[in-house]
Amino acid sequence: MANMSLKPVLKLKVDELFLRWLSEEDTQQFLQDSLRQMTIGGDGVSAPSSPTSKNGRPLSPRQRGGSPPYSPPPGLTASPRRPSSPRKHRDTSKPTSPGDGSCREFQRFTEARTNGRDAEKGFTEFPALVGEMRASRTTKLTEAKPSRRTPVATTTNTKQQPSVVAASAAAAAAAAVDPVPIPRFYFPQGRSLLGNQIEAQLQRVAAAFGKFGEGKVTREDFGDVAKACGCPLYWKVPLYLAAGGEKHGHVTVQTFTAFWKKLISSCHDDASKFVLLLAKTGSSCLVPEDFFPLIQDVVDTHPGLSFLSEAKEFHSRYVHTVIARIYYCVNRSWTGRISVPELRKSNFLQVLALLEEENDINQITDYFSYEHFYVVYCKFWELDKDHDLFISKYDLRRHNDHALSARIVDRIFSGAVTRGQAQQEGRMSYSEFVWFLISEEDKRNARSIEYWFRCMDLDGDGMLSMYELEYFYEEQLQRMEALGIETLPFEDCLCQMLDMVKPKGIGAITLSDLKRCQMTPVFFDTFFNLEKYLDHEQRDPFASSRDEEGPEMSDWEKYAAEEYELLVAEEGATEPQDDVAVMYDDDFEPDDDDVISTTDVSGGGKSSKSDNVRPRVDDDDEGDYAEGEEYDVKT
């Protein structure tokens, strides 16, 4: 304890804190008053202008300006700002430790005051002395961290004049600065184009407009302009609308050139351009309604969806499905508003550009697959008995033969993953059902893990406690006992789950723990999906790895492919009855009410009978999902 000395780095930090305290206005005022009292003869009297406590002692900086009271622990020496006893001259004959320059400077200043110098004159020199002390510390920092390009500077003598010390410190600081400028590396809106690149792009735009009479381009022909701008084909409608084409029915070359120059002056990458094109004026984020024109253009013009041209009632439902999937994958913040950084981190723009190259829409499994839409809509149609395009808790409990527990269904409708007016009324919209079905069938997806974690986190503290796990497992035990299935006590089940997840903390499981785990489907199904839980217990864990061939598919893609085949097979089973009815066409004339459309809307535009399927449309369903209806998404 007797040989305790501060390390050099710690000494520098102490000196820095001391200088900071010394440069405060209250400290300087206090020192001025104290020095004036010392020269007059009141060495032991505290300065009247300094803030004092009840006993007349000056307050520390922590007790000024409305700070809470602070009482130092017993045994500490009095503060140097508290002259409770007459000051004594320090013995300067003892050597000071290296790196104690700031203390020596203050000692020199104090000695000058006690030797009878004029107080007012000494105080006018005080700022210069503080600057000298700071310069001395700068020199020490330069010595402690020498530049790789300059030799280590020798220690500056603190007894030198302030001008000499300041000059040497400035020279050392200038030598330590790297002369090579650091190039800019952060571009929030992307890298801007060079002048010649912009001119070349504008020339291509002018040439694209020159192909049409009078330099006016309509909505149907705006794809050439989009390609001239270096944008994917399906940016054509957002470009057309942003340039003011909807107002006049066409866009002129002068109008578009001015618009494009303004756009590329502030937005330099695809994500920022896309958001500015689709977002409303003054908004920096995308809401679901902003995607309607874009997705509707895909429905109208993509060759893989040409079979939908005569089935207008399915256009809006397909558009809502695609938008719900976009927000499910892109909007990671759960706000219902897609920002530029979120769009950059997603693959949506790459998938949108791929639509131009792929004619089979079902090959693009991300967002736009018609087969996936067909599966989602048929599952929703089975649950929505009254066909009002909303489902209740009772409807959702019937999903997959009552596989889900009642407690998890209650949590889904509690607002943990559903928002808006429909949630307040205890209903789930079609867009929210899209989120539910993807999360239910693909529990390995990061967004699905977040979905079910929100449902199981009863108190919203960001952790799944043992109490919360037991709460959901109790219902599973009751259901297994009712079916006569041998149950596993919660304590044993909990040990299995902890061994499987391997949480970093003790007594709780966090979201990051589950995202690291490779067996999240087993974890979630254990607590709220009885059918899949029993399937996991009986399945060979190595069977799936042996059966996989070709490119790896996600759990959702596997489920959608299997369900689509089943739905097509079920619809195809009714075809022989239709063939028998054709034999009697000559004898019976069908009623007007019995005439149904035979339009093929099952996907891909194929002409085979097995693909000629679609959900039946009732008379009261023609107005469902109108173009102008509100799109309800989780915010």
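Draft legend 1. Here's a closer look at the pattern of salt bridges. Tallying each qualifying case throughout the model produces 21 salt bridges. One salt bridge in this structure joins Glu 440 and Lys 443, with 3.2 Å as the shortest N-O distance. In this structure, a network of salt bridges that share partners links the residues Glu 440, Glu 441, Lys 443, Asp 525 and Lys 532.

Draft legend 2. Focus on the UniProt feature "domain: EF-hand" (unreviewed entry) in the protein chain. The sites that UniProt annotates as "domain: EF-hand" (unreviewed entry) are residues 444-479. Here residues 444-479 runs as 69% helix and 8% strand, with 25 Å between its end C-alpha atoms.

Draft legend 3. Looking closely at the packing of helix α14 (residues 315-330) against helix α17 (residues 370-383). Taken N-terminus to C-terminus, the directions of α14 and α17 make an angle of 100°; their axes are 10 Å apart at the nearest point. By the angle between their axes, α14 is roughly perpendicular relative to α17. Here α14 contributes Arg 317, Tyr 318, Thr 321 and Arg 325 to the contact with α17, which in turn contributes Tyr 370, His 372, Phe 373 and Tyr 377. Of the residues contributing to the contact of α14 with α17, the split by class is four nonpolar, two polar and two charged.

Draft legend 4. Inspection of the side chain of His 387 at higher detail. Positionally, His 387 belongs in the loop between α17 and β3 (390-391). At a separation of 2.7 Å, a polar atom in the side chain of His 387 contacts the main-chain carbonyl oxygen of Asp 384.

Draft legend 5. Examining the side chain of Arg 317 more closely. Residue position: Arg 317 is located in helix α14. A distance of 2.7 Å separates the side chain of Arg 317 from the side chain of Tyr 377, its partner in a polar contact.

Draft legend 6. The environment of Leu 511, seen in detail. Along the polypeptide, Leu 511 turns up in helix α25 (residues 511-516). Under the relative-accessibility criterion, Leu 511 is labelled partly exposed at 25%. Residues Leu 511 and Gly 462, 49 residues apart in the sequence, show an inter-C-alpha distance of 7.2 Å. In contact with Leu 511, not counting residues within four places along its chain, are Ile 449, Glu 450, Phe 453 and Gly 462.

Draft legend 7. Representation of the packing of aromatic side chains within the structure. Counting across every chain of the model gives 40 aromatic pairs. Aromatic pair Phe 274 and Phe 348: ring centres 5.9 Å apart, planes at 65°, arrangement edge-to-face. Taken as a pair, Phe 274 in helix α12 (residues 270-278) and Phe 348 in helix α16 (residues 348-354) lie far apart in primary sequence, 74 residues in all. Assigned by exposure class, Phe 274 and Phe 348 land together as buried. Taken together, a centroid distance of 6.3 Å and an interplanar angle of 75° make the contact between Phe 436 and Trp 452 edge-to-face. Taken together, the residues Phe 436 in helix α21 (residues 430-441) and Trp 452 in helix α22 (residues 446-456) connect sequence positions 16 residues apart. The class of Phe 436 is buried, set by a relative accessible area of 0%. Classification of Trp 452 as buried rests on a relative accessible area of 0%. Positioned above the aromatic ring of Trp 334 is the side chain of Arg 447, whose terminal nitrogen or guanidinium carbon lies 4.3 Å from the ring centre. Sitting over the face of the ring of Trp 334, Arg 454 holds its NZ or CZ atom 4.0 Å from the ring centroid.

Rules used throughout
Residues numbered from 1 in each chain as written. Predicted model: local features only at pLDDT ≥ 70, side-chain atom pairs only at ≥ 80, totals over all residues. Heavy atoms only, no water. Salt bridge = Lys/Arg side-chain N within 4 Å of Asp/Glu carboxyl O. UniProt positions renumbered as here; feature names shortened; annotations may be inferred. Helix = DSSP H or I, 4+ residues; strand = E, 2+ residues; numbered from the N terminus. Axes fitted to C-alpha atoms, helices over the stretch in contact; angles between N-to-C directions. Parallel < 35°, antiparallel > 145°, perpendicular 65-115°, else oblique. Contact = heavy atoms within 4.5 Å. Nonpolar A, V, L, I, M, F, W, Y, C, P; charged D, E, K, R; others polar. Polar contact = N/O pair within 3.5 Å; in protein donor to acceptor, adjacent residues only side chain to side chain. Buried < 20%, exposed > 50% of the residue type's maximum accessible area, 1.4 Å probe, protein only. Phe/Tyr/Trp six-rings, centres within 6.5 Å; stacked < 30°, edge-to-face > 60°. Lys NZ or Arg CZ within 6 Å of the ring centre and 35° of its normal.

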